[in-house]
Amino acid sequence: MVTKFYQHILVLVFAINEINENPKILPNVTLGSHIYDSYYDVKMTYRAILDLLFKSQRFVPSYRCDTQKNPIAVIGGLGSETSFHMADILSLYKIPQLSYGSFAPEDMDTAKSPTFYRMVPNEDHQYMGIVRLLLHFGWTWVGLLAMDDDSGEHFVYAMEPLLSQNEICLAFTVQVPKRFFWNTAGDIFELASNIYKSFPVSKASAIIFYGDSMGIVTFSMYMLLGDSGSKESSVLNKVWIMTVQIDYVLIGHLKGFDFQYFQGAISFTIHTMEVRGFQRFLQHINPDSTLDGFLHDFWEQVFDCTLPNSEELLKDDETCTGKEKLESLPYPVFEMRMTGHSYSIYNAVYALHRILQGITFNNSAGEMISFERKTGFDIMNLVTFLNKSFGSVKVGRIVPSVLEGEEFIIDEEMIVQPLSVCNDYCPPGSQKKKKEGEKFCCYDCAPCPEGKISNQKDMEDCIKCPEDHYPNKAQDGCIPKVTTFLSFEEPLGISLTSIALFLSLITALVLRIFITHRDTPIVKANNRDISYSLLLSLLLCFLCSLLFFGQPKKVTCFLRQPAFSIIFSVAVSCVLAKTITVVVAFMATKPGSSMRKWVGKKLASFIILSCSFLQVGICTVWLRTSPPFPDSDMQSLTEEIVAFCNEGSVMMFYIVLGYMGLLSFISLIVAFQARKLPDTFNEAKFITFSMLIFCSVWMSFVPTYLSTKGKYIVAMEIFSILASSAGLLGCIFSPKVYIIVLRPELNTREEIIRRKN
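Quick look at the structure, then. Everything numeric here is computed off the predicted structure, so don't read it as measured data.

Turning our attention to the overall build of the protein. Regarding its fold elements, the protein presents 19 helices and 24 strands. In the protein, buried positions account for 49% of the 757 residues. Expressed as a percentage of contacts within the protein between residues at least 6 apart in sequence, the contacts between residues at least 24 apart total 67%. Here the protein has roughly 37,900 Å² of accessible surface; of this, 57% comes from carbon and sulfur atoms.

Here's what the structure looks like:
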């Protein structure tokens, strides 16, 4: 007898007594029971069913000699094989059968047996629970043990694809023989040795065990006999995940056996609740109780004694006193708490009186029970103690009828969480890399590619940081990018600002010198008004470069490119006007020349205004159609966000530059052609040199502008403005300033006439 399962009988008696003592449940009706043992044997199962239905000296199917037997239903059995052997006969006579074990959905097609009812969910809910448990703790490399029978094959067949779909790999699969009888002791040792040796050496720390209570008993015996030092063996020092049909029981000579190597095992059990009055019922049981025909055998086995009225009193056995208490028995021998299977039997008894009234009801524990709405599974954690005793603690539950995502509940703080993976997790900063020829759960770790991060362990692929962040050195996190722009405070900004202000001051000083000496021959000879316009435009060119400093704003972005292009166009137009004026003045000195009518201020003013207003028109179209605006570049630099002015229309920007380039090129050609005119009138060679510098600077600017990144683009444009403007200022005006300031004796009419002659 499996003494722990005797609670199933006691629960049956307890539930029947409750119903009979309550006149509101079945008035004028008394329930009775017949209890049979299947002995885990097919023949005995069939014999018990036939005995129940057709009691006589001989078994004659369909012949009833005991009319007092009128079974309205049969509860059983615990295992799938027992239940289905019972169903073979009971289904023929339309007798309802209420099973209290959890079976694989493939094991029984209820459509073929409409009288077969289940008090607990199918195993497919357990499959889901196992997968959720493995995923919850990150156990992706696990072993699988299954009893070598039809149910075990069903379990392996169902679990393998389900685990694979959830990226969980099986390190090994071992089938354990289901055998309870051997011919000799040598057969036991040989089988135990073979089973033990079948375990591969594996890094899997979690092992799923599918079977039943007798299966775990025989398996434990195999392990003990296969290796006497198994308590320290790496095979058994694992986290065991036990399925719902397994209960920790000890029978016969194994009562002294301990389950230390199952410490921390996680078990799925049928859901149970505390039923009022059941504990008191157990506490009052004694050998004199008239409950059933198994009580005396049970009492003698669990307490290792012999009752006084026993027919076989052995010399070595102690006599039972009758005062022994069930609560003193160890957990694997008998349990005072109502187990899940017992709770299902309790509900099955209450379901009997509802078969004709309906399927759904509330039991005495206050829980709603129905065949459609299953109560689910509890998740228990095995706790062992040094005195070889052990118990179980509820750490979670599976509730099939709730919303998806809420059916799995676990208290992870109560469970030790070992690592059960094929290899160590990939740390942050790396990603998985498949191993050739290995299962997908086995992989190498590769550093993240440049520009990507992994901020969690075991990531499939590294990810990019947000645009406004960049990876840190370890590539396991993102750092916010710093917004950069050319500011007045940084060294480069201070240098360029100082140069711009210095050149502005020089230009203003030259303008003052020219105004002060406006009546001198050298100022007059070089078209005084155009010189004033050129100096003023150069001064504005130096000052407009200051618009390019600081964080781009809407106003500064709107003004700086158009202002720069218009002012520069005015400056280049003045240079062109100067050059053409020199050429026209020389040609007008020839006798009978028709060019005399063009000599004067009108031609110069026309050239400056027409060329400048054409640039103004281009800029107006630019600003009306697609004006520049503040923008930020997050891609060009790894660690910085570049704040810049987006030109709006790149085409219009290059049209503006192209127009300035055209004016410069024309000025260069005209000045080059006039370089050999008489020196008295000729500043063309200075203009040629200045325009050569101007064109060189801006021709170098375009490729540099396209290849430079960040704030240095702005710095290059400022430098080009300052360099080209300084070239014009230096080449055109430095010779005149030299004469006016340092050689005033040359700035006379007589000296000019003398040099002419």
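Here the focus is the packing of aromatic side chains. For the structure shown, the criterion picks out 18 aromatic pairs. Measuring from centroid to centroid gives 5.4 Å for F14 and F278, while their planes differ by 70 degrees, and the two rings are edge-to-face. One end of the pair, F14, is in helix α1 (residues 6-21); the other, F278, is in helix α8 (residues 278-283), and 264 residues separate them in sequence. There is no split in this pair, since F14 and F278 are both buried. Aromatic pair F514 and F733: ring centres 5.4 Å apart, planes at 80 degrees, arrangement edge-to-face. Here the residue F514 occupies a position in helix α11 (residues 491-516), and F733 occupies one in helix α18 (residues 711-742), the gap between them amounting to 219 residues. Taken individually, F514 and F733 each receive the classification buried, so the pair is uniform in this respect. Pairwise contacts between aromatic rings join F14, F278, F281, Y346 and Y350 into one cluster.

We now examine the sheet that holds strand β24 (residues 640-646). With respect to topology, three strands assemble into an open sheet ordered β22-β24-β23, the strand pairing being mixed. The sheet terminates laterally at β22 (482-484) and β23 (629-633), the two strands that pair on one side only. On average, each strand axis in the sheet is tilted by 30 degrees relative to the strand beside it, whichever way the strands run. Pairing between β22 and β24: three bridges, direction parallel. Residue T484 lies in a different strand from β24, and its bridge partner there is V642.

Attention now moves to the sheet that holds strand β8 (residues 266-270). Reading across the sheet, the eight strands line up as β5-β4-β6-β7-β8-β13-β14-β15 and stay open at both edges, with mixed pairing between neighbours. Every other strand in the sheet has two partners, leaving β5 (169-176) and β15 (408-410) as the edge strands with one partner each. Direction aside, neighbouring strands of the sheet carry axes that sit 25 degrees apart on average. Here β8 runs beside strand β13 (residues 377-384); their pairing, made up of five bridges, is antiparallel. Each bridged residue has a counterpart across the sheet, and for I270 the counterpart in β13 is F377. Along the sheet, helix α4 (residues 123-137) makes contact with β4 (141-147), β6 (206-210), β7 (239-242), β8, β13, β14 (390-398) and β15, crossing β15 at roughly 50 degrees.

Across all of its chains, the model carries seven disulfides by this definition. Residue C305 pairs covalently with C320 via a disulfide, S to S 1.8 Å. The sign of the S-S torsion, about 95 degrees, decides the handedness of the disulfide formed by C305 and C320: right-handed. Placement of the pair is C305 in strand β9 (residues 305-306) and C320 in the loop between β10 (318-319) and α10 (340-352), with a sequence separation of 15 residues. We classify C305 as buried; its relative accessible area is 6%. Judged by its relative accessible area of 5%, C320 falls in the buried class. A sulfur-sulfur separation of 2.0 Å characterises the disulfide bridge that pairs C426 with C445. Judged by the sign of its S-S torsion, about -95 degrees, the cystine formed by C426 and C445 is left-handed.

Moving on, we get to a negative patch on the surface. A cluster of acidic residues, E81, D148, D150 and E153, forms a negative patch on the protein surface. Relative to the helices and strands, E153 is located in helix α5 (residues 150-165).

As a further point, take the environment of D297. Among the structural elements, D297 can be located in helix α9 (residues 295-303). Measuring from C-alpha to C-alpha, the distance between D297 and T3 comes to 9.4 Å, with 294 residues separating the pair along the chain.

The rules we used
Residues numbered from 1 in each chain as written. Predicted model: local features only at pLDDT ≥ 70, side-chain atom pairs only at ≥ 80, totals over all residues. Heavy atoms only, no water. Helix = DSSP H or I, 4+ residues; strand = E, 2+ residues; numbered from the N terminus. Buried < 20%, exposed > 50% of the residue type's maximum accessible area, 1.4 Å probe, protein only. Contact = heavy atoms within 4.5 Å. Areas by Shrake-Rupley, 256 points an atom, 1.4 Å probe, with all protein chains shown as cover. Phe/Tyr/Trp six-rings, centres within 6.5 Å; stacked < 30°, edge-to-face > 60°. Pairing = 2+ DSSP bridges. Axes fitted to C-alpha atoms, helices over the stretch in contact; angles between N-to-C directions. Disulfide = S-S within 2.5 Å. Patch = residues over 30% accessible without salt bridge, like charges linked within 9 Å, V, L, I, M, F, W, Y side chains within 5 Å. Salt bridge = Lys/Arg side-chain N within 4 Å of Asp/Glu carboxyl O. Lys, Arg positive; Asp, Glu negative; His and termini not counted. Charge placed at Lys NZ, Arg CZ, Asp CG, Glu CD.

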